[in-house]
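As a plain string of letters, each chain reads:
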Amino acid sequence: MIDSLDSLREEMLARIEQSGSEAEIEQIRVEALGRKGRLTLLLRGLKDLPSDERPRVGEQLNALRQLLETRLQDRLQIVKAQQKEKALREEFIDVTLPGNRGESGHIHPLTLVIDEIIDIFRGMGFEIARGPDIEDDYHNFEALNIPKDHPARDMQDTFFVSDGRLLRTHTSPVQIRTMESRKPPLQVIVPGAVYRHDDDATHSPMFHQVEGFMVDGNIAFSDLKGVLTHFLQRMFSEKAGVRFRPSFFPFTEPSAEIDIQCVICSGDGQAIQQRYCRVCKGSGWLEILGAGMIDPGVFKFVGYDPERVSGFAFGMGVERIAMLKYGIDDIRLFFQNDLRFLRQFG
Ligand code: FA5
């Protein structure tokens with residue numbers, strides 16, 4: 001009995017010493033001191049010993065139990081401390097390392113330009129209206145003085161949807177929708193997407209326009225000229241020359257196209273360093289918007305009396321303005337989502 005006690009002590013103390021986890025320590029404790037543990041069984045066997053040996057052996061067994069309990073407890077403290085230290089080492093955060101900077105997006109150049117246009121017109125007292133991208137024939141054409149079979153319909157190659165509806169080819173239908181629901185005085189701009197069957201370096205099947213119109217008792221062509229000249233000089237340069245040329249739109253009379261002096265070659269026509277200017281094609285001028293006095297026929301469609309009200313309207317291509325402002329010579333760059341292009345506007 002005493003021999004087996006000695007070898008049990010040696011074995012258990014060695015195993016406790018080598019144990020490396022809480023689970024392992026618990027396993028040793030159960031094996032030695034659990035209900036069916038080796039030491040427990042020895043303690044139970046005491047009663048079978050001759051009575052004169054019992055006190056001595058009992059004393060030794062109890063001493064061993066106490067020793068094992070103490071060592072197990074000590075080992076548990078050490079293992080826990082080691083684990084904590086290991087976890088702290090592994091979880092160490094070096095706060096001096098440079099962080100991973102999240103990439104932040106920025107506003108698309110077309111949105112920048114639309115916002116700037118809106119800002120300038122707001123400063124002149126214009127309010128903003130919107131209309132549907134899917135239009136009916138009446139608002140996109142008929143009420144703008146473009147009857148069916150009118151050759152002016154060919155000016156804008158149209159995408160038709162079902163039920164005779166179409167993707168609006170310009171923002172002018174919002175003129176009609178606004179005048180149908182409201183009375184003058186009106187001073188409104190309409191930014192929005194428009195669609196045409198067009199696709200090359202200067203034409204996109206989806207592009208943006210900003211429509212503008214002013215209607216009141218006594219609006220004259222000089223008002224149109226003043227508003228647009230102010231807008232163009234704010235948008236480009238105080239010194240930029242502005243030119244009004246006679247033109248034709250079915251919904252305005254008289255009509256004009258407005259040119260601005262080329263911002264790339266400063267109206268010289270000869271490109272920077274004596275080369276031909278690609279943007280204005282050597283003319284020194286760039287067409288930037290269409291405009292005119294609202295045709296009396298249009299007023300009749302919306303129930304206004306052309307004898308009592310007059311007004312002007314204009315429509316500009318946003319991409320065209322952005323191309324001029326930033327010196328971009330291919331409209332498709334705006335829609336290709338090439339980050340190298342877009343980042344330049346951050
Ligand atoms: C119109 O769309 C008229 N509604 C403008 C207007 C409004 C005139 C009110 C009078 C009164 P136009 O088809 O010219 O007009 O288009 C206006 C501008 O849109 C053009 O000057 C051009 O800058 C731009 N544009 C036209 N087609 C495209 C296209 N496919 N891609 C990009 N821009 C275009």
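Residues numbered from 1 in each chain as written. Predicted model: local features only at pLDDT ≥ 70, side-chain atom pairs only at ≥ 80, totals over all residues. Heavy atoms only, no water.

### Thoughts on the overall build of the chain
Across its full length, the chain holds eleven helices and nine strands. Taking 2.2 N^0.38 as the reference for a compact globule, 346 residues should give roughly 20 Å; the C-alpha atoms of the chain span a radius of gyration of 44 Å, well beyond that estimate. With the C-alpha coordinates of the chain rotated into their principal frame, the extents come out at 135 × 55 × 35 Å. Here the contacts in the chain between residues at least 6 apart in sequence split such that 68% fall between residues at least 24 apart. Summed over all atoms, the accessible surface of the chain reaches about 19500 Å², with 50% contributed by carbon and sulfur. (Helix = DSSP H or I, 4+ residues; strand = E, 2+ residues; numbered from the N terminus. Rg over C-alpha atoms; globule rule 2.2 N^0.38 Å. Contact = heavy atoms within 4.5 Å. Areas by Shrake-Rupley, 256 points an atom, 1.4 Å probe, with all protein chains shown as cover.)

### Side note on the side chain of Glu319
Examined against the element boundaries, Glu319 turns out to sit in helix H10 (residues 318-326). Here Glu319 occupies a buried position and makes no salt bridge, while the nearest side chain of opposite charge, Arg320, is found at 8.6 Å. Side-chain polar atoms of Glu319 contact the side chain of His208, separated by 2.7 Å. (Buried < 20%, exposed > 50% of the residue type's maximum accessible area, 1.4 Å probe, protein only. Lys, Arg positive; Asp, Glu negative; His and termini not counted. Salt bridge = Lys/Arg side-chain N within 4 Å of Asp/Glu carboxyl O. Polar contact = N/O pair within 3.5 Å; in protein donor to acceptor, adjacent residues only side chain to side chain.)

### What to know about helix H5 (residues 109-123)
Here H5 spans 21 Å end to end across 15 residues, near enough to the 21 Å set by a 1.5 Å rise per residue. Of all the residues in H5, the buried ones are Pro109, Leu110, Val113, Ile114, Ile117, Ile118, Ile120 and Phe121. Positive backbone phi, approximately 90°, marks Gly125, located one or two places after H5. (Expected span 1.5 Å × (residues − 1).)

### Some remarks on the site of the ligand
In the region of the ligand, 24 residues are neighbours, and His170, Ser172, Arg196, Ser204 and Gln209 sit closest. Residue Asp198 places a side-chain N or O atom 3.1 Å away from a nitrogen atom belonging to the ligand. In this structure, an oxygen atom belonging to the ligand sits 3.1 Å away from a side-chain N or O atom of Glu287. In the complex, the protein chains occlude 94% of the 680 Å² of accessible area that the ligand would expose alone. Those elements that provide at least two residues to the shell around the ligand are strand E5 (206-216), strand E8 (285-294) and strand E9 (310-317). In terms of residue count, E9 provides more of the shell around the ligand than any other element does, four residues in total. (Near = heavy atom within 4 Å.)

### So, the pattern of salt bridges
Scanning all chains against the criterion turns up 22 salt bridges. Two residues, Glu31 and Arg38, come together in a salt bridge whose shortest N-O distance is 3.4 Å. Take Glu31: its relative accessible area is 25%, and that puts it in the partly exposed class. Between Arg177 and Asp136 there is a salt bridge, with its nearest N and O atoms 3.7 Å apart. Of this pair, Arg177 sits in helix H7 (residues 173-181) while Asp136 sits in the loop between strand E2 (134-135) and helix H6 (137-140); the two residues are 41 residues apart in sequence, bridging distant segments of the chain. Given the relative accessible area of 28%, Arg177 is considered partly exposed. Residue classification places Asp136 among the partly exposed positions, given a relative accessible area of 26%.

### Concerning the packing of H5 against helix H8 (residues 221-235)
H8 packs onto H5 with a crossing angle of 135° between their chain directions and a minimal axis gap of 10 Å. By the angle between their axes, H5 is oblique relative to H8. Considering the relative orientation of H5 and H8, their crossing is right-handed. Counted together, Val113, Glu116, Ile117, Ile120 and Phe121 of H5 and Val227, His230, Phe231, Arg234 and Met235 of H8 form the full contact between these two elements. (Axes fitted to C-alpha atoms, helices over the stretch in contact; angles between N-to-C directions. Parallel < 35°, antiparallel > 145°, perpendicular 65-115°, else oblique. Left-handed = near helix turned anticlockwise from the far one by under 90°.)

### Here we look at the pairing of E8
Looking along a regular strand, one sees the side chains alternate between the two faces of the sheet. Of all ten residues making up E8, eight are buried, and the element is well covered by its neighbours. Pairing analysis gives eight bridges linking strand E7 (residues 252-261) to E8, with the strands arranged antiparallel. Counted as the bridge partner of Gln261 is Trp285 from E8. Sheet topology places E8 next to E9; five bridges connect them, and they run antiparallel. Its bridge partner lying in E9, Met293 is registered against Phe312. (Pairing = 2+ DSSP bridges.)

### Quick word on the nonpolar core
Formed by 46 residues in total, the largest nonpolar core has its most connected members in Ile117, Phe121, Phe231, Phe312, Phe314, Met316 and Ile321. At the level of elements, H5, E5, H8, E7, E8, E9, H10 and helix H11 (339-342) are the ones that each hand at least two residues to this core. Ranked by the residues each element gives to this core, the list is headed by H5, at seven residues. Every residue in contact with Met316, bar those within four places of it in the chain, is listed here: Ile117, Phe121, His208, Gln209, Val210, Phe231, Ile288, Leu289 and Ile321. With 24 residues, the next largest nonpolar core counts Phe141, Ala143, Val215 and Val302 among its residues. (Core = buried A, V, L, I, M, F, W, Y, C linked by side-chain atoms within 4.5 Å.)

### Concerning the packing of aromatic side chains
All told, the structure shown has twelve aromatic pairs when counted by the stated rule. On the numbers, 6.4 Å between centres and 70° between planes, the contact of Phe334 with Phe335 is edge-to-face. Considering the side-chain rings of Phe334 and Phe341, the 5.9 Å spacing of their centres and the 75° angle between planes classify their relative orientation as edge-to-face. Residue Phe334 shares its accessibility class with Phe341, and that shared class is buried. Members of the aromatic cluster, each reached through a chain of ring pairs, are Phe121, Phe126, Phe231, Phe312 and Phe314. Just above the ring of Phe244 sits the side chain of Lys225; from NZ or CZ to the centre is 5.6 Å. (Phe/Tyr/Trp six-rings, centres within 6.5 Å; stacked < 30°, edge-to-face > 60°. Lys NZ or Arg CZ within 6 Å of the ring centre and 35° of its normal.)

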